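Chain by chain, the residues:
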Amino acid sequence: MENKKIKTIGVLTSGGDAPAMNAAVRAVVRTGLARGLNVKGMYRGYSGLLNEEIVDMTSKLVSNTINRGGTILKTARCLEFKELEYQQKGAEICRKHGIDGLVVIGGDGSFRGAGKLAEQGINAVGVPGTIDLDIACTEYTIGFDTAVNTAMDAIDKIKDTSMSHERCSIIEVMGRDAGYIALWCGIATGAENILIPEKFDGNLPMTELKVIDNILRSRAKGKTHHLIVNAEGIGHSYGMAKRIEAATGIETRATILGHMQRGGSPTALDRFHASMMGAYAVDLLLKGGNKRVVGYKDGAYYDLDIQEALQMTKDIDEYQLEIADILGRTIGDFH
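All residue numbers refer to positions counted from 1 along the written sequence of the respective chain. Given that the model is predicted, a residue must reach a pLDDT of at least 70 before its local features are reported, and side-chain atom pairs must reach 80 or more before they are shown or counted; all residues, however, enter totals for whole chains, interfaces and linings. Side-chain descriptors were evaluated using all non-hydrogen atoms of the structure, hydrogens and water having been removed beforehand.

Trainee: Describe the environment of Thr141, listing the residues and the values that go with them.
Mentor: Structurally, Thr141 is set in the loop between β5 (123-128) and α5 (144-165). Using a 1.4 Å probe on the protein chains alone, a residue whose accessible area is under 20% of its type maximum counts as buried, one over 50% counts as exposed, and one in between counts as partly exposed. We classify Thr141 as buried; its relative accessible area is 0%. Measuring from C-alpha to C-alpha, the distance between Thr141 and Lys210 comes to 32 Å, with 69 residues separating the pair along the chain. Once residues within four sequence positions are removed from consideration, Thr141 is found in contact with Pro128, Thr130, Leu133, Ile135 and Asp270. Among the polar contacts listed, one links the side chain of Thr141 to the backbone nitrogen of Leu133, at a separation of 3.3 Å. The numbering of helices and of strands both runs from the N terminus, where a helix is a DSSP run of H or I of at least 4 residues and a strand a run of E of at least 2. Every residue pair with non-hydrogen atoms within 4.5 Å of one another is taken to be in contact. Definition of a polar contact: a pair of N or O atoms within 3.5 Å, with one able to donate and the other able to accept a hydrogen when the atoms are protein atoms, and with sequence-neighbouring residues admitted only if both atoms are side-chain atoms.

Trainee: Run through the pattern of salt bridges, naming residues and quoting values.
Mentor: Salt bridge, as used here: a side-chain nitrogen of Lys or Arg that lies within 4 Å of a carboxyl oxygen of Asp or Glu. Per the stated rule, a full pass over the model turns up 15 salt bridges. Across the salt bridge formed by Arg44 and Glu53, the nearest N and O atoms sit 2.5 Å from each other. Judged by relative accessible area, Glu53 falls into the partly exposed class, the value being 24%. The shortest N-O distance in the salt bridge between Arg243 and Glu208 comes to 2.7 Å. Taken together, the residues Arg243 in helix α8 (residues 237-248) and Glu208 in helix α7 (residues 204-220) connect sequence positions 35 residues apart. For Glu208, a relative accessible area of 6% translates into the label buried. Sharing partners across several salt bridges, the network here consists of Arg167, Glu251 and Arg253.

Trainee: Lay out the sheet that holds strand β6 (residues 168-173) in plain terms, naming residues and giving numbers.
Mentor: Following DSSP output, two strands are said to pair if at least two bridges run between them. Spatially, four strands are ordered β7-β8-β6-β9 in an open sheet, and the strand pairing comes out parallel. Here the strands that pair on one side only, and so sit at the sheet edges, are β7 (193-195) and β9 (252-256). Here the average twist between neighbouring strands, direction ignored, is 15°. The pairing of β6 with β9 spans five bridges and is classified as parallel. Paired with Ser169 across the two strands is Arg253, which belongs to β9. Interaxial angle, 0 to 180 degrees, is taken between N-to-C directions of lines fitted to C-alpha atoms, where a helix line uses only the stretch in contact. Across the sheet, α8 is in contact with β6, β7, β8 (226-231) and β9; its angle to β9 comes to roughly 170°.

Trainee: A description of a nonpolar patch on the surface should follow, citing residues and the corresponding values.
Mentor: Taken together, the side chains of Ile187, Ile326 and Leu327 make up a nonpolar region of the molecular surface, amounting to roughly 250 Å² of accessible area. Overall, the relative accessible area of 37% leaves Ile187 in the partly exposed class. Patch rule: a residue counts if its relative accessible area is over 30% and it has no salt bridge; like charges are joined within 9 Å, and nonpolar side chains (Val, Leu, Ile, Met, Phe, Trp, Tyr) within 5 Å. All accessible areas in this document rest on Shrake-Rupley with a 1.4 Å probe, and a residue is counted as covered only by the protein chains that are shown.

Trainee: How would you summarise the pairing of strand β4 (residues 101-106) if you had to cite specific residues and measurements?
Mentor: Along β4, six of the six residues are buried, which leaves the element largely enclosed by surrounding structure. The two faces of β4 match: Gly101, Val103 and Ile105 on one face and Leu102, Val104 and Gly106 on the other face are all buried. Judged from the five bridges that link them, strand β1 (residues 8-13) and β4 form a sheet pairing that is parallel. Within β4, the position partnered with Leu12 by the bridge is Val104. The pairing of β4 with β5 spans six bridges and is classified as parallel. Across the sheet, the residue bridging to Leu102 is Ala124, located in β5.

This is the structure:
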């Protein structure tokens, strides 16, 4: 049965931006309005909440936004919100504006903030928006597919040049603590080496020696170019390129793709999941849901407690790593 106390909901985006955040905001606004709710948007995440940057959302305001990258509500980091004083202030501001429930679109840090607001009496639901795919409670996070496709397209272009010049290319992709973008891009672009933080022991010289050995063995078999996809969490791509060139005599270039992976028009997959998750979050609030996170698992959307979600851990699938290694090996002769 619907919770009749919910009359007005708020929505904010927090932390790093991710493609299709706008699709999620649009779904929250239009689903909320269709359910007879008032919907308010908060600019610049928790920082905007504390500064009362709150506006009434209409269907028109989110019109023609589903195809846009970034977030129309803007986003910002807010270290203050880790302190009880500001959590209480945020809850009071919500009450001042009549906000009974809040949809928070972001990653783990955003969910912690939502949990703190819930402890202060504001019903809160988190929607996973992060390009890193590093939220353990869900098989999918909004923005990942677009980020991977953006990086893949860039790598394909760089690989064309690498093949023409018979050089080694190191492409650094985003992923400070999670290697999913690197793994997916590496497999999708035929990389010979994929370096991810989950499998990095901190010994950079040894990692580079293994890469150099792979390059030399491949060259001995006739391969004339080499592609390395390196996650941000390992980094040192420019220095790595210099050391590889010195050790092999092969021209080696490094390219850091950086924040281009966060931008751009979202893919159909991201738009679809973002829309469904945003709508699910609104209906969850109407059913009395509080301190929950929306997830996607086994082909269906579901929800679980925020604290339970934050305590879950996630690691790269070993079989995927094995296959990535097999597919990157030089077997036979190249001409």
